[in-house]
Amino acid sequence: MRLLYISEDFEVDPDVVAVLDVSKEKLSYGKSIILHKSKGVFFVSQNSRQVINEFHKYNRLGILLSKILANYFEIKQLIPLVHGNYAYMPMRGTSHGSTDWIGVHHVEDFNQYEQQGIFETSQGKVKIVFPKGNLNDRLHDCCFLSEIFYIAIRRLVGTMNYELKPSEDTGMLQKYHLCNCLRHSSRDNVRSDLNPVIDFVKNSMLYSMVHGEIGQRDLITSYKQRINKLKHIF
């Protein structure tokens, strides 16, 4: 580990292949190890939670939409950070601290052996502890959210008289696109009518803003009315 260099000015981007948390090791030279597509492998001073949270500086939304969409589709385990054609999935639950993250858009194939995830990535093989659950199921849910994100953005872009062309370099994000499970069957509903999803996103954000305030319901109604007024000329 000491042979790895320390990056003091690293700015997170989708070329991150994996974030390995070593904060519990109490190392003097870093709290996370970054595997990056072009910059190699190096230490950073932040733990993995802090690194992933820095994505809000890159995409302006961080994990906000991912959490809301996961709630809408009742995905409750290992909530990933999904933003268009890149996605990062945690190896453990994040409610009690930092964990390792894998960039699913860099994964070409994977295998689960006992409590370990083995990922074939664009930068070689990466082995990460996966202590609980079925890795295939968790990757399935992550890729599903990426598909929903694309469908939603494509419809929004279509209203602007543009055509959205996704990148062809998406790793295994399209691995489950032929899946006929109950969750994937909801894609047709999103394609035909995006409004329920948009309303849920809006309501979730408004509820978060007024949570704990007196008269929450009235405040939400008032904010909705103001937003609707802003949509009209007068």
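Refer to the structure above for everything that follows.
My aim in this report is to walk through the structure given alongside it, one point at a time. None of these values were measured; they are calculated from a predicted model. Going along each chain's sequence as written, the residues are numbered from 1 onward. Given that this is a predicted model, residues contribute local features only at a pLDDT of at least 70 and side-chain atom pairs are listed and counted only at 80 or more, while totals for whole chains, interfaces and linings are drawn from all residues. Note that water and hydrogens are dropped before the side-chain values are worked out from all heavy atoms of the structure.

**Quick word on the overall build of the protein**
And step 1. A tally of helices and strands in the protein yields eight helices and 10 strands.
And step 2. To get the radius of gyration, use the C-alpha atoms; to get the globule rule, take the number of residues to the power 0.38 and multiply by 2.2 Å. In terms of overall dimensions, the protein is globule-like: its C-alpha atoms have a radius of gyration of 19 Å, near the 17 Å expected for 234 residues.
And step 3. Seen through its C-alpha atoms, the protein measures out along the principal axes to roughly 65 × 40 × 35 Å.
And step 4. Only protein chains enter the calculation, and the probe is 1.4 Å; a residue is then buried if its accessible area is under 20% of its type maximum, exposed if over 50%, and partly exposed in between. Considering the protein as a whole, with its 234 residues, one finds that 39% of them fall into the buried category.
And step 5. Here the analysis covers contacts within the protein between residues at least 6 apart in sequence; of these, 54% occur between residues at least 24 apart.
And step 6. Here the protein contributes 29 positively and 25 negatively charged side chains, and the mean placements of these two sets differ by 6 Å. Secondary structure follows DSSP: runs of H or I at least 4 residues long count as helices, runs of E at least 2 residues long count as strands, and numbering of each begins at the N terminus. We call two residues contacting when some pair of their heavy atoms lies within 4.5 Å. As used throughout, the charge tally considers Lys and Arg to be positive and Asp and Glu to be negative, leaving His and the chain termini uncounted. A charged residue contributes its charge at one atom only: NZ of Lys, CZ of Arg, CG of Asp or CD of Glu.

**Some details on the environment of Asn134**
And step 1. Mapped onto the secondary structure, Asn134 falls in the loop between strand E10 (124–129) and helix H4 (135–158).
And step 2. The exposure class assigned to Asn134 is partly exposed, which follows from its relative accessible area of 35%.
And step 3. Between the C-alpha atoms of Asn134 and Val44, which are 90 residues apart in sequence, the distance is 30 Å.
And step 4. Polar contact is defined as a pair of N or O atoms within 3.5 Å, subject to the rule that within protein one atom must be able to donate a hydrogen and the other to accept it, and that residues adjacent in sequence are counted only when both atoms are side-chain atoms. A polar contact is formed between the side chain of Asn134 and the backbone nitrogen of Asp137, at a distance of 3.0 Å.

**Considerations on the nonpolar core**
And step 1. In plain words, nonpolar cores are sets of buried Ala, Val, Leu, Ile, Met, Phe, Trp, Tyr and Cys residues tied together by side-chain atoms within 4.5 Å. Ile102, Val104, Phe119 and Leu139 are the most contacted members of the largest nonpolar core, which has 38 residues in total.
And step 2. Where this core is concerned, the elements lending two or more residues are strand E2 (16–21), helix H3 (64–72), strand E6 (86–90), strand E8 (107–113), E10, H4 and helix H7 (195–210).
And step 3. Among the elements that line this core, the one with the most residues is H4, at 10 residues.
And step 4. Aside from chain neighbours lying at most four places away, what touches Val104 is Ala87, Met89, Leu139, Cys142, Cys143, Thr170, Gly171, Met172 and Leu173.
And step 5. Within the second largest apolar cluster, 14 residues are counted, among which are Phe55, Leu81, Tyr86 and Trp101.

**Observations regarding H7**
Given 3.6 residues to a turn, an α-helix orients residues that are three or four positions apart in the same direction.
And step 1. One fewer than the residue count of a helix, multiplied by 1.5 Å, yields its expected span. Over its 16 residues, H7 extends 22 Å from the first C-alpha to the last, a length consistent with the 22 Å expected when each residue adds 1.5 Å.
And step 2. Where H7 is concerned, the buried positions are Val197, Val201, Leu206 and Val210.
And step 3. The inward-facing, buried residues of H7 abut H3, helix H6 (187–192) and helix H8 (216–230).

**Things to note about the sheet that holds strand E1 (residues 5–6)**
Strand pairs in the sheet, formed through backbone hydrogen bonds, run parallel or antiparallel to each other.
And step 1. In space, the seven strands of this open sheet follow the order E1-E4-E3-E2-E7-E6-E5, with mixed pairing throughout. If you trace the sheet from one side to the other, it starts and ends with E1 and strand E5 (81–83), each paired once.
And step 2. As defined by bridge partners, E6 adjoins strand E7 (residues 101–103) across three bridges and the pair is classed as antiparallel. Opposite Tyr88, over in E7, you have Gly103 as the bridge partner. In this analysis, strands are considered paired if DSSP registers two or more bridges between them.

**Side note on the side chain of Ser7**
And step 1. Locating Ser7 in the fold gives a position in the loop between E1 and E2.
And step 2. A distance of 3.4 Å separates the side chain of Ser7 from the backbone nitrogen of Phe10, its partner in a polar contact.
And step 3. Not counting chain neighbours up to four residues away, the residues in contact with Ser7 comprise Phe42, Phe43 and Val44.

**Here's the deal with the pairing of E10**
And step 1. Bridge analysis of strand E9 (residues 116–121) against E10 gives six bridges, and the strand direction is antiparallel. Within E10, the residue paired with Gly117 across the bridge is Ile128.
And step 2. Between E9 and E10, which pair antiparallel one after the other, the connecting turn spans two residues.

**Comments concerning the packing of aromatic side chains**
And step 1. Pairs were defined over the aromatic rings of Phe, Tyr and Trp, the Trp ring being its six-membered one, requiring ring centres within 6.5 Å. Orientation was assigned from the angle between planes: stacked under 30 degrees, edge-to-face over 60, tilted for the rest. In this structure the tally under the stated criterion is nine aromatic pairs.
And step 2. Plain terms: the ring middles of Tyr58 and Tyr86 are 6.2 Å apart, the flat faces sit at 70° to each other, and that makes the pair edge-to-face. Highlighted residues: Tyr58 in helix H2 (residues 55–59) and Tyr86 in strand E6, separated in sequence by 28 residues.
And step 3. Tyr86 sits in the buried class, given a relative accessible area of 8%.

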